[in-house]
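# Notes for the structure review
Residues per chain, in single letters:
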Amino acid sequence: MPWTEWIRTVEVEPSIYGADFARLGEQLEALLRAECRVFHFDIGDGHFVEPITMGPIVLESIAPLIHRYDGVIDVHMMVDEPAKHFHAVAEAGGDSVTFHYEAVDDVAATIRAAREQELQVGVAFNPETEPRHVAPVAWGADLVLCMAIHPGYSGQPFREETYERVHELRQLLPPEIQIQVDGGVNDANIEALHERGATLFVAGSAIFAREDLPRAYRRLVQALA
């Protein structure tokens, strides 16, 4: 199923990396019951980004719960040589993979490798990379992820230049390619990001740092209404 069928105009994606892993299933089910349908799953390899984060074993453990509610898992691969891992992600229940522009030599070939595993696919880029360099090679993707922080660590402050970067990206990409923002997204900046062309919003601390997760999720959704 393509991203165009997953997106209800816009989507707020809770970033599972920010969850309480002692209560992971409970927290995910609470968000699913609050009608959250797209979850962001970060994989870091300790090379492309310093932290070693979650991997296919965790993905496999949560995929049945998320899919039972007709949810999908958007896997952000902060790794070197991402195509090596696409099969494992697909086997574990991932629905879409996003790899970094900076991590590959051939963006088009990496997109094709994801398609071969029947995965949807996105291209991410870091704050130091210019949108004009990414857009021309990302036309075969479903989404482009504009990082609003340096990838790898949660809780970093949102970079104000992201607004202009999203706006520039929207001008450069065809309308069918979605723009995603990850890093520091909250109810104070999500509307302005949407106005500049973003439709997918990854939220970690803005949801999982709150006591009432469904309320925090709905607050972000309402800020977009």
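Residues numbered from 1 in each chain as written. Predicted model: local features only at pLDDT ≥ 70, side-chain atom pairs only at ≥ 80, totals over all residues. Heavy atoms only, no water.

## Remarks on the pairing of strand S8 (residues 200-203)
Covered by surrounding structure in S8 are Leu-200 and Val-202 together with Phe-201 and Ala-203, the residues of both alternating faces. For strand S7 (residues 178-182) and S8, the ladder comprises three bridges, and the chain directions are parallel. When the sheet's bridge partners are listed, Asp-182 is paired in S8 with Val-202. In the classification by handedness, the crossover that spans S7, the intervening helix H8 (residues 190-195) and the parallel S8 is right-handed. (Buried < 20%, exposed > 50% of the residue type's maximum accessible area, 1.4 Å probe, protein only. Helix = DSSP H or I, 4+ residues; strand = E, 2+ residues; numbered from the N terminus. Pairing = 2+ DSSP bridges. Right-handed = clockwise from strand over helix to strand, strands pointing away.)

## Thoughts on the packing of helix H2 (residues 24-33) against helix H3 (residues 56-68)
Interhelical geometry of H2 versus H3 gives an angle of 35° and a closest axis separation of 10 Å. Judged by the twist between their axes, the crossing of H2 over H3 is right-handed. Where H2 abuts H3, its residues Leu-24, Gly-25, Leu-28, Glu-29 and Leu-32 lie against Val-58, Ile-62, Leu-65 and Ile-66. Split by residue class, the contact of H2 with H3 holds seven nonpolar, one polar and one charged. (Axes fitted to C-alpha atoms, helices over the stretch in contact; angles between N-to-C directions. Left-handed = near helix turned anticlockwise from the far one by under 90°. Contact = heavy atoms within 4.5 Å. Nonpolar A, V, L, I, M, F, W, Y, C, P; charged D, E, K, R; others polar.)

## A look at the nonpolar core
In terms of nonpolar packing, the biggest core is built from 69 residues, with Ile-16, Phe-41, Val-75, Val-97, Leu-193 and Ile-207 touching the most fellow members. Non-local contacts of Leu-193, meaning those with residues more than four positions away in its chain, are made with Phe-158, Thr-162, Tyr-163, Val-166, Val-181, Val-185, Ala-198 and Phe-201. With 11 residues, the next largest nonpolar core counts Val-72, Leu-143, Leu-145 and Met-147 among its residues. (Core = buried A, V, L, I, M, F, W, Y, C linked by side-chain atoms within 4.5 Å.)

## Some thoughts on the environment of Phe-158
Residue placement: Phe-158 occurs in the loop between strand S6 (143-147) and helix H7 (162-172). When the C-alpha positions of Phe-158 and Leu-32 are compared, they lie 26 Å apart, and in sequence the two are 126 residues distant. Once residues within four sequence positions are removed from consideration, Phe-158 is found in contact with Ala-148, Tyr-163, Gly-183, Gly-184, Asn-189 and Leu-193.

## Digging into the pattern of salt bridges
Note that side chains of opposite charge can pair when their charged atoms are close. A complete count under the given rule lists nine salt bridges for this structure. Across the pair Glu-29 and Arg-33 runs a salt bridge whose closest N-O atoms are separated by 3.2 Å. With a gap of four residues between them, Glu-29 and Arg-33 both fall in helix H2, about one helical turn apart. When the shortest N-O distance is used, the salt bridge between Asp-187 and Arg-219 registers 2.8 Å. Placement of the pair is Asp-187 in the loop between S7 and H8 and Arg-219 in helix H10 (residues 213-224), with a sequence separation of 32 residues. We classify Asp-187 as partly exposed; its relative accessible area is 33%. (Salt bridge = Lys/Arg side-chain N within 4 Å of Asp/Glu carboxyl O.)

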